[in-house]
Amino acid sequence: MLNVGLIGYGAIGQDIASYFQDYLKGARLKGILVRSPDKLRNLSQEEWMITHQPDEFFANKYDVIIEAAGHHALETYGVQALSTGAHLIIVSVGALRDGHLLQLLKETANSNQSKLIIPSSAIGGLDRITAASIGRLDSVTLTTRKPPQAWKGTFVEDKIDLAALVEPVCVFEGNANESARLFPESVNVSAALSLAGQGFNETKVKVYADPTIEKNKHEVRAVGNFGSITLEVQNTPFPENPKSSYIVSMSVIKALENLFSPIVIGI
Ligand SMILES: NC(=O)C1=CN([C@@H]2O[C@H](COP(=O)(O)OP(=O)(O)OC[C@H]3O[C@@H](n4cnc5c(N)ncnc54)[C@H](O)[C@@H]3O)[C@@H](O)[C@H]2O)C=CC1
Ligand SMILES: O=C([O-])CC(=O)C(=O)O
């Protein structure tokens, strides 16, 4: 039985926790680290420990720690988590555009026989693109589209009137380094794609605010000597946070399951 710690209890964190109650058999949730003590007041205490104090959280021994809290949390706790010997499953992949952080996490994982695990989360095709990167990759591009409400709280809100939007508007075009920086809560998929394929500078990204759709859409196109891949995913957003999608927590749970399952599919 794997002991699991969870950092972050927002839309994704709460959904992840729900799978421990009725789905996962080989892992148990031992501790949750939240940011604000206010959150604790609203939570009914389950069998796991919930704390806003990092020392208390890390005093537990975990086999796996899951980050579902944002770039800053990964920057703050990533190295500490791996240095306990736990594997670290992350969703805030965009933080790894900082090559120094990525290097530090790799070195810490290496010296503690732990692993930094990056599930596909909201995107698909990473299995194929990371395999294809063994050969020659010529281009990897991503087009992300989300409905207007998903862009609230981002710089897009200052640029266009989201409520008045009647047709799709391109709000960003550039490389994954910039998209991961400009949209820390919304375009982590570009970072995962970069790490699988051509890196942050070479991966080309377009982002649209699109009033004609209800789901979060990601279109991936990669070409190389392996052949090519064209993939479109449509993710059902969380009602409580339309920037994120249900498939993210499902993907994390599958990555966790792969650690104890006798069979692993689709890597
Ligand atoms: N890789 C991917 O495909 C995706 C990645 N994400 C990443 O997941 C993150 C979380 O997404 P949601 O759950 O939808 O966001 P959310 O805003 O609903 O929840 C984040 C939670 O983390 C907590 N938190 C923040 N800093 C913390 C800290 N230092 N310690 C403990 N808790 C902390 C917040 O209080 C909040 O409750 C996003 O910010 C984004 O970076 C989101 C969607 C897709
Ligand atoms: O959930 C999604 O569709 C994608 C997302 O927010 C991200 O990549 O950060």
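Residues numbered from 1 in each chain as written. Chains lettered and ligands numbered in written order. Predicted model: local features only at pLDDT ≥ 70, side-chain atom pairs only at ≥ 80, totals over all residues.

Observations regarding the site of ligand 1
Around ligand 1, a shell composed of 30 residues is seen, among which Gly 10, Ile 12, Ser 121, Ala 122 and Ser 244 lie nearest. Counting residues per element, the ones that place at least two in the shell around ligand 1 are helix H1 (11-22), helix H4 (71-83) and helix H9 (188-196). Among the elements that make up the shell around ligand 1, the one with the highest residue count is H4 (four residues). In terms of residue class, the shell around ligand 1 is made up of 16 nonpolar, twelve polar and two charged. Residues from two domains meet in the shell around ligand 1; each of domain 1 (2-121 + 247-258) and domain 2 (126-243) gives at least three. (Near = placed C-beta within 6 Å. Helix = DSSP H or I, 4+ residues; strand = E, 2+ residues; numbered from the N terminus. Nonpolar A, V, L, I, M, F, W, Y, C, P; charged D, E, K, R; others polar. Domains from an automatic or database assignment.)

Some thoughts on the sheet that holds strand E2 (residues 27-33)
Strand order in the open sheet made by the six strands is E3-E2-E1-E4-E5-E6, with parallel pairing throughout. With partners counted over all chains shown, the strands left at the sheet margins are strand E3 (49-51) and strand E6 (116-117), one partner each. As judged from the six bridges shared by strand E1 (residues 2-7) and E2, these two strands associate in the parallel manner. Residue Asn 3 lies in a different strand from E2, and its bridge partner there is Arg 28. Across the sheet, H1 touches E1, E2 and strand E4 (64-67), and the angle it forms with E2 is around 150°. Docked against the sheet, helix H10 (residues 246-258) engages E1, E2, E4, strand E5 (87-90) and E6, running at close to 160° with respect to E5. (Pairing = 2+ DSSP bridges. Contact = placed C-beta atoms within 7 Å. Axes fitted to C-alpha atoms, helices over the stretch in contact; angles between N-to-C directions.)

Thoughts on the UniProt feature "domain: Aspartate dehydrogenase" (unreviewed entry) in the protein chain
Residues given the UniProt feature "domain: Aspartate dehydrogenase" (unreviewed entry) here are residues 167-253. Secondary structure within residues 167-253 divides into 28% helix and 36% strand; the distance between the first and last C-alpha atoms comes to 36 Å. (UniProt positions renumbered as here; feature names shortened; annotations may be inferred.)

Brief notes about the packing of H1 against H10
Between H1 and H10, whose axes approach to 9 Å, the crossing angle comes to 45°. Put simply, H1 runs oblique to H10. Note on packing geometry: the crossing formed by H1 with H10 is right-handed. Residues Ile 12, Asp 15, Ile 16 and Tyr 19 of H1 form the contact with H10, whose own contacting residues are Tyr 246, Val 248, Ser 249, Val 252 and Ile 253. Split by residue class, the contact of H1 with H10 holds seven nonpolar, one polar and one charged. (Parallel < 35°, antiparallel > 145°, perpendicular 65-115°, else oblique. Left-handed = near helix turned anticlockwise from the far one by under 90°.)

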